[in-house]
2 protein chains.
Amino acid sequence: MEKGYIQVYTGNGKGKTTAAFGLCLRAVCAGKKVYIGQFVKGMEYSELNAAKILPNFEIEQFGRGCFIRNEPSLEDFEAARKGLEKCKKIISSGEYDVVVLDEINIAMFYKLISVDEVLELIKLKAEKTELILTGRYAPQEIIDAADLVTEMREIKHYYTKGVMARKGIES
Amino acid sequence: MEKGYIQVYTGNGKGKTTAAFGLCLRAVCAGKKVYIGQFVKGMEYSELNAAKILPNFEIEQFGRGCFIRNEPSLEDFEAARKGLEKCKKIISSGEYDVVVLDEINIAMFYKLISVDEVLELIKLKAEKTELILTGRYAPQEIIDAADLVTEMREIKHYYTKGVMARKGIES
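Notes on the structure in this doc start here. Quick caveat, the model's predicted, so the values are computed rather than measured.

This part covers the relation of the copies chain B and chain A. Once turned by 180° and shifted 0.0 Å along the axis, chain B lies on chain A with an RMSD of 0.0 Å. What the rotation and shift describe, once combined, is the action of a two-fold rotation axis. Same-surface contact between copies: 100% of interface residues of chain B are shared with the interface of chain A.

Encoded structure:
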């Protein structure tokens, strides 16, 4: 059986979640089975429709309907906790070729879940499962635990021109 | 009509083509129409299967069956030229919401096509079309012409551990 690795997409640039979705598309196209757990996020993203189109593609959101502004609420903590428990089952099951923990770095950044809890989660990974962790501010301990780490760096961004996130492009 | 922008994914890290594919998946899920022209590449990538699964998703390769090792061959030049001509039609047609010129930066790096030719190509872009250029070594002129530029930086890579590209993950 092929060994799965641990990948991290971090940094302040675009393309972290997007690259994870691209990897899932590639995996599904190769007949593999994919699970995406989205932390913090709870909005209606176009990606959620992907599960309707793609075979062997599951996606769940463990966040509220909006991003955290100042202090996270009890609801944010509970949603992240639920995600952590679900992802433990998914990661250890051996049923998935690729598992994405989307924005889990942000969940750690807001202390919705601890770095130690995520390190424990990683240890549960079934041998064959490729595990992808995304989000800004990846903690050093997670980088140390990963096999591959890519930083997406913003070189130039049209948000400075006043363009907002557009449906089907950024969200 | 929504205005389309010009994005560049460059750098030595993973996730450039992958992010472009993720963006296309998101676009297709939002009911948009996508075209991917792959320069230099001509191998059988899992992504080619995506066109069989996804609606409004077209992909073509304008490269040979292997990457360029030393000097590009006449065949490499001809394939890139064919790609340039085809992409001119696609980009200017106004029929596509998202057009990806995958590895076009590499095609310029090997001088299969010139930077000026790509700048001309960009100018043909239909107003609504979002244009994505990928590949290492994006020339400064292309960065200047883009609205959004992201550099994928390799922080840590398991290739150093001797892992080769795996089907459905990297290729």
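The structure having been displayed, the exposition proceeds.
This part covers the interface of chain B and chain A. Taken residue by residue, the interface counts 43 residues in chain B and 44 residues in chain A. Of all elements in the fold, only α1 (16-29), α2 (50-53) and β6 (148-156) of chain B reach the threshold of two or more residues within the side of chain B that touches chain A. With 10 residues, α1(B) is the single largest residue contributor to the side of chain B that touches chain A. When grouped by side-chain class, the residues that make up the side of chain B that touches chain A number 21 nonpolar, 9 polar and 13 charged. In the sheet, strand β6 (residues 148-156) of chain A pairs with β6(B) via 7 bridges, with the strands oriented antiparallel. Following the sheet pairing, A:Thr150 is matched in β6(B) by B:Glu154.

What follows covers the environment of B:Glu47. Among the secondary structure elements, B:Glu47 is positioned in the loop between β2 (34-40) and α2. Separated by 93 residues in the primary sequence, B:Glu47 and B:Gln140 place their C-alpha atoms 29 Å from one another.

This paragraph deals with the sheet that holds strand β1 (residues 6-10) of chain B. Neighbouring strands of a sheet are bound in pairs by backbone hydrogen bonds; such pairs are parallel or else antiparallel. One open sheet holds the 12 strands; their spatial order is β3(A)-β2(A)-β4(A)-β5(A)-β1(A)-β6(A)-β6(B)-β1(B)-β5(B)-β4(B)-β2(B)-β3(B), and the pairing between them is mixed. This sheet does not close on itself; its edge strands, each paired only once, are β3 (57-63) of chain A together with β3 (57-63) of chain B. Along the sheet, successive strands turn relative to each other by an average axial angle of 15°, direction set aside. Judged from the 5 bridges that link them, β2(B) and strand β4 (residues 98-102) of chain B form a sheet pairing that is parallel.

The next point concerns unusual backbone geometry. Leaving glycine out, the prevailing phi sign among residues is negative, and the prevailing peptide bond configuration is trans. Although it is not a glycine, A:Glu103 sits at a positive phi angle of roughly 65°. Tracing the sequence through the fold places A:Glu103 in the loop between β4 (98-102) and α4 (104-109). Overall, A:Glu103 belongs to the buried group, with 27 C-beta atoms counted inside 10 Å. If you check the backbone angles, B:Tyr137 has positive phi at about 55° while not being a glycine. Residue position: B:Tyr137 is located in the loop between β5 (130-134) and α6 (140-145).

Here is what the cut-offs are and how they apply
Residue indices follow the written sequence of each chain, beginning from 1 at its first position. Chain labels run from A onward and ligand labels from 1 onward, assigned in the order the entries are written. In keeping with the predicted nature of the model, local features appear solely for residues at pLDDT of at least 70, side-chain atom pairs appear and are counted solely at 80 or more, and the whole-chain, interface and lining totals rest on all residues. A least-squares fit on C-alpha atoms brings the copies together, and the residues used are those whose pLDDT is at least 70 in both copies. This entry defines residue contacts through backbone-placed C-beta atoms, with two residues in contact when those atoms are within 7 Å. Each helix is a run of H or I in the DSSP string that is no shorter than four residues. Each strand is a run of E no shorter than two, and both are numbered from the N terminus. Ten residue types, Ala, Val, Leu, Ile, Met, Phe, Trp, Tyr, Cys and Pro, are classed as nonpolar, four, Asp, Glu, Lys and Arg, as charged, and the remainder, Gly among them, as polar. For two strands to be treated as a pair, DSSP must find at least two bridges joining them. Convention adopted: a line fitted to C-alpha atoms gives each axis, helices being fitted over their contacting stretch, and angles between N-to-C directions are expressed from 0 to 180 degrees. In this scheme the burial state of a residue depends on its C-beta neighbours within 10 Å: 20 or more other such atoms mean buried, 12 or fewer mean exposed, and anything in between means partly exposed; the C-beta positions come from the backbone.

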